[in-house]
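What follows is the residue order along each chain.
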Amino acid sequence: MDLHTVVGCPCQSRSENHQVLCGVKGAVVTSLRFKRNAGFLAAGLMILITSLWAFWGVSELYYEAWGLPLPEPLYYFVPFIVTLTFTLLALKWPRVGGWAIILLGSAFTIFAMRPRIISGRLTVRALLSWFPVTFLTLLVGGLFVWGGPAAFRDVKRSSDRPWWQRNLRYMLALGLPMLIILSVSVYGLPAVLARVDDGKRGARLIRGHDVQLVWAPAGPGWNWRQPWGGYPSWDALAWYGLPPVGLKDGSALPSGHATQEDMARMGLCRYLDATGRRLMPRPQNIWRMPTTDELVRSLVYRGENAGCEWNGNLGKTTCNHPPDKETPLWAPDQPPIYLWSGEEYDGESAFFVSYNGEVRKQPKSWGNPRHGYRCVRDLPVP
């Protein structure tokens, strides 16, 4: 609106009182414009956040969760569903939704930062890495509370506008995430549907790329799931033979970290019997943990060897075919998508290999539902 005509005629042609009134009304219009822009910005940011969570959820579905029993795959869409709910709430009732977003952001910020504050590991890098899902959420909520009503008031009252204009914000909030989910599915769904799973979980002879090993059957030698829902850490596997013999939780493990020599001498695999299905009270020295190179060379594609090679560095390996989470090496219906190597990267971390051919490192104390392991034994010398 033109500030000089806000009272119906140019301010210069009016009295001093009219000019003051014109200035006041101009300030009100400017403030209203700022509020409207803030409301539109909040809506755009919230739709962006929702879309990013949609991308993360569908990507992780095809990367990590495909093949797991229901409802586990649906858990990956929880952040998307939560942010979508709050987005629609804020678009309908900006103040109510804005305060709800502020409360959500505050709770999540406390949840994410509290362990780091307690442990003294709160750094600028950690703050910046969590910024999009913590402090940015607080900012978006505040913008909705301040500018949301001004941004969407006229839209609600404009019955003469076409339906799509009155509901454009809802169409964007729902349509963009759905478009992302469909786009990622066009690429990801055919790949996971083509995965090979022969259902066999026994000991397997895998003829890899210039390597042949027998891999342990389901049981203590392959992805022995613990009562807490995850799998043993590298430290726990390496220190299995420490008295008393057996897997130990974090509080029962020695301080520091196990070494590669510990893994070779008293690791869990050393205690497996000849069948690989039972742990013995003393080392049998039949089974062992695979090396990083052996894992890479045993990766599979459509049930056959993928022809992968490792150059000794972290990152993507070179393969003739893109490896996948398939038998005979992997169990597609189980959570692990990484396998520990028996080799350490340094004193604090060890190598692991992902099903898609990446070599990475992780702290030796790390144990979660995605990090599994599988013992191997060498073929008898003819």
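The structure displayed is predicted, hence computed values, not measured ones. All chains use their own residue numbering, which begins from 1 and follows the written sequence. Confidence filtering applies because this is a predicted model: local features only for residues at pLDDT of at least 70, side-chain atom pairs given and counted only at 80 or more, and all residues used for totals across whole chains, interfaces and linings. As a convention, hydrogens and water are excluded, and side-chain values are obtained from all of the structure's heavy atoms.

A. Fine view of a nonpolar patch on the surface. Taken together, W163, W164, L168, M171, L172, L176 and L179 make up a surface patch of nonpolar side chains, about 690 Å² in accessible area. Only runs of H or I of at least four residues qualify as helices and only runs of E of at least two qualify as strands under DSSP, and these elements are numbered from the N terminus. Those elements that place two or more of their residues in the nonpolar patch are α6 (163–166) and α7 (168–193). Ranked by the residues each element gives to the nonpolar patch, the list is headed by α7, at five residues. One can find W163 in helix α6. Classification of W163 as exposed rests on a relative accessible area of 53%. Any residue with relative accessible area above 30% and no salt bridge may belong to a patch, with like charges joined within 9 Å and the nonpolar Val, Leu, Ile, Met, Phe, Trp and Tyr side chains within 5 Å. Using a 1.4 Å probe, accessible areas were evaluated by the Shrake-Rupley method; residue-level cover was limited to the displayed protein chains. Salt-bridge detection follows one rule: a side-chain nitrogen of Lys or Arg within 4 Å of a carboxyl oxygen of Asp or Glu. The buried label goes to any residue with under 20% of its type's maximum accessible area, the exposed label to any with over 50%, and the partly exposed label to all in between, with areas taken from a 1.4 Å probe on protein chains only.

B. Main features of the sheet that holds strand β2 (residues 212–215). Taken together, three strands build an open sheet; the order of strands is β1-β2-β12 and the sheet is antiparallel. The two strands at the open ends of the sheet, each matched to only one other strand, are β1 (204–207) and β12 (376–378). Pairs of neighbouring strands in the sheet enclose a mean axial angle of 35°, with direction left out of account. Across four bridges, β1 lies against β2 in antiparallel orientation. Bridging across to β2, I206 finds its partner in L213. One bridge is not enough; two strands pair if DSSP finds at least two bridges between them. To get an axis, fit a line to the C-alpha atoms, keeping to the stretch in contact for a helix; angles then go from 0 to 180 degrees between the N-to-C directions.

C. The arrangement of the pattern of salt bridges in detail. Summed over the entire model, instances satisfying the criterion amount to 15 salt bridges. Across the pair D262 and R265 runs a salt bridge whose closest N-O atoms are separated by 3.4 Å. You can see D262 and its partner R265 sitting in helix α9 (residues 260–266), three residues apart, about one turn around the helix. In this structure R265 comes out as exposed when scored by relative accessible area, which is 52%. Several salt bridges share partner residues, and in doing so they unite R195, R302, D324 and E326 into one network.

D. Expanded view of the side chain of H209. One can find H209 in the loop between β1 and β2. Residue H209 is classed as buried on the basis of its relative accessible area of 19%. We call two residues in contact when some of their heavy atoms are within 4.5 Å. Setting aside residues no more than four positions away along its own chain, H209 makes contact with R297, N305, G307, C308 and E309.

E. Region of interest: the nonpolar core. Buried residues of nine kinds, namely Ala, Val, Leu, Ile, Met, Phe, Trp, Tyr and Cys, make up a nonpolar core once their side-chain atoms join them within 4.5 Å. L329, W340 and C375 are the most contacted members of the largest nonpolar core, which totals 44 residues. Every element with two or more residues in this core is listed here: β2, α8 (234–238), α9, α10 (292–297), β8 (338–344) and β9 (349–354). Of all hydrophobic cores here, the second largest spans 20 residues; its members include L136, F144, Y170 and A173.

F. Spatial organisation of the sheet that holds β9. Taken together, five strands build an open sheet; the order of strands is β6-β10-β9-β8-β11 and the sheet is mixed. Both edges of this open sheet fall to β6 (315–316) and β11 (371–372), since each of them pairs with a single strand only.

G. Geometry of α7. The terminal C-alpha atoms of α7 lie 36 Å apart, and with 26 residues this matches the ideal 38 Å at 1.5 Å per residue to within 8%. When the local axis directions of α7 are compared, the greatest deviation, roughly 40°, occurs at S185. Along α7, the positions that sit buried rather than exposed are R169, Y170, A173, P177, I181, V184, S185, G188 and V192. Here, expected helix span is obtained from the residue count minus one, scaled by 1.5 Å. Axes are fitted to the seven residues ending at a residue and to the seven starting at it; the angle between these axes is taken as the bend at that residue.

H. Inspection of the state of the cysteines at higher detail. Working definition: a disulfide is two cysteine sulfur atoms within 2.5 Å of each other. All chains considered together, the criterion is met by two disulfides. C269 shares a disulfide with C375; S-S distance 2.0 Å. Judged by the sign of its S-S torsion, about -80°, the cystine formed by C269 and C375 is left-handed. Taken together, the residues C269 in the loop between α9 and α10 and C375 in the loop between β11 and β12 connect sequence positions 106 residues apart. Like C269, the residue C375 is buried in the burial classification. A sulfur-sulfur distance of 2.1 Å marks the disulfide that ties C308 to C319. In this structure, the disulfide formed by C308 and C319 twists by about 110° around the S-S bond and is classed as right-handed. On the criterion of sequence distance, the pair formed by C308 in strand β5 (residues 308–309) and C319 in strand β7 (residues 318–319) is long-range, its members being 11 residues apart. Overall, C308 belongs to the buried group, its relative accessible area being 0%.

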